[in-house]
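Structural overview
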Amino acid sequence: WPCDANGLPLFPDIGGDDVCSDELYLDAYENITEYGCGPEYTVVRTWRYTDLSGLSVMHQQTISVEDNESPQFVDIPEDDYTGCDDIPDFANVQALDNCDPSVGVTYSQVVHDPHPHNHTFEIHRTWYTQDLCGNPNTTTQIIYVTDYDDPIMTGSFQDIELECALDLPDPYNA
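Described in the following lines is the structure provided in the data block.

Cut-offs applied
Residues numbered from 1 in each chain as written. Predicted model: local features only at pLDDT ≥ 70, side-chain atom pairs only at ≥ 80, totals over all residues. Heavy atoms only, no water. Helix = DSSP H or I, 4+ residues; strand = E, 2+ residues; numbered from the N terminus. Buried < 20%, exposed > 50% of the residue type's maximum accessible area, 1.4 Å probe, protein only. Contact = heavy atoms within 4.5 Å. Areas by Shrake-Rupley, 256 points an atom, 1.4 Å probe, with all protein chains shown as cover. Pairing = 2+ DSSP bridges. Axes fitted to C-alpha atoms, helices over the stretch in contact; angles between N-to-C directions. Lys, Arg positive; Asp, Glu negative; His and termini not counted. Salt bridge = Lys/Arg side-chain N within 4 Å of Asp/Glu carboxyl O. Polar contact = N/O pair within 3.5 Å; in protein donor to acceptor, adjacent residues only side chain to side chain. Phe/Tyr/Trp six-rings, centres within 6.5 Å; stacked < 30°, edge-to-face > 60°. Lys NZ or Arg CZ within 6 Å of the ring centre and 35° of its normal.

1. A short note on the overall build of the chain
When you go through the chain residue by residue, the secondary structure sums to zero helices and nine strands. Counted from the first residue to the last, the chain has its helices and strands arranged as β-β-β-β-β-β-β-β-β. Looking at the chain as a whole, 24% of its 174 residues are labelled buried. When contacts within the chain are restricted to residue pairs at least 6 apart in sequence, those whose partners lie at least 24 apart make up 50%. Carbon and sulfur atoms make up 49% of the accessible area of the chain, which amounts to about 13000 Å² in all.

2. Some thoughts on the sheet that holds strand 2 (residues 41-51)
What the three strands build is an open sheet, ordered 1-2-3; its pairing is antiparallel. At either end of the open sheet lies a strand with only one pairing partner, and these are strand 1 (24-34) and strand 3 (56-65). Going across the sheet, the axis of each strand differs from the next one's by a mean of 15°, ignoring polarity. Here 10 bridges tie strand 2 to strand 3, and the two strands are oriented antiparallel to one another. Within the sheet, the bridge partner assigned to Trp-47 lies in strand 3 and is His-59.

3. Quick notes on the side chain of Asp-100
Here Asp-100 is to be found in the loop between strand 6 (94-96) and strand 7 (105-115). Buried and unpaired, Asp-100 has Arg-45 as its nearest opposite-charge partner, separated by 23 Å. There is a polar contact of 3.3 Å between the side chain of Asp-100 and the backbone nitrogen of Leu-132.

4. Remarks on the pairing of strand 1
Looking at chain direction, strand 1 and strand 2 are connected through 11 bridges and run antiparallel. The partner of Glu-34 across the bridge, within strand 2, is Tyr-41. What sits between the antiparallel neighbours strand 1 and strand 2 is a turn of six residues, in which Gly-36 has the positive phi angle 65°.

5. A few points about the packing of aromatic side chains
Under the counting rule described, the total for this entry stands at three aromatic pairs. Look at Phe-90 and Tyr-107: their rings are 4.3 Å apart centre to centre, the planes differ by 40°, and that puts the pair in the tilted class. Placement of Phe-90 in the loop between strand 5 (80-83) and strand 6 and of Tyr-107 in strand 7 is noted, with a sequence separation of 17 residues between them. Taking the relative accessible area as the measure of exposure, Tyr-107 reaches 55% and is therefore exposed. Pairing Phe-90 with Trp-127 gives two aromatic rings, centres 5.3 Å apart and planes at 70°, and the pair type is edge-to-face. With Phe-90 in the loop between strand 5 and strand 6 and Trp-127 in strand 8 (residues 120-130), the pair connects residues that are 37 residues apart, well separated along the chain. A connected cluster of aromatic rings, assembled from ring pairs, spans Phe-90, Tyr-107 and Trp-127. Above the ring of Phe-90, the side-chain terminus of Arg-125 is found at 4.8 Å from the ring centroid.

In C-alpha cells, the structure reads:
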C-alpha cells in the first residue's frame, strides 16, 4: 500500500454465522507496527467471532505501507546557452515527496573543461535529494557559456612627441 494513499482501506464488512446460535460476538481491532524508515509501517487488523459456546473463528488482514518512490523536483531550470556576462544565478530548486513532507535539496557546481580556442566552457549544476527511506533523485542543468565580448582596455594614455628616440619611455612602466 503506498504511503501517499488517502488513508488505509476501510475495514471490510466481515460477517459471521453459526449453525447452533444466531448470537455471535465480534471483537475487531488493529495494531500498527512501525518498521524500516520513517513513513513505513504495518497494520494488522484482526476480527474474532465467538459463539455462545465459546468457540471462535479469527481472520487477520495485513496492510504493509511502503515508500518506494523518490522525491520529485519542482522548478528545475532548463539547460541554457549564454555569454560570460549573463550567467544565471543558482536556481532555488525544491523537491516534493509522497511520504516525507520536508525533503532537503543540496547542490553543487562544476566548471567543465574550458576550451580556450573556441572561447567556450560548461557549467554543470546538480541538485540532489533523498527521502527518509533513502530513495534518491538528482537533476542537472548544463549552462553552455560562450565568450562573445571583445576585451576592453583600462587605464589612460596620451600621444607623446619626442625629439629623440632615445627619450622613448618604457611601454610597460608608463
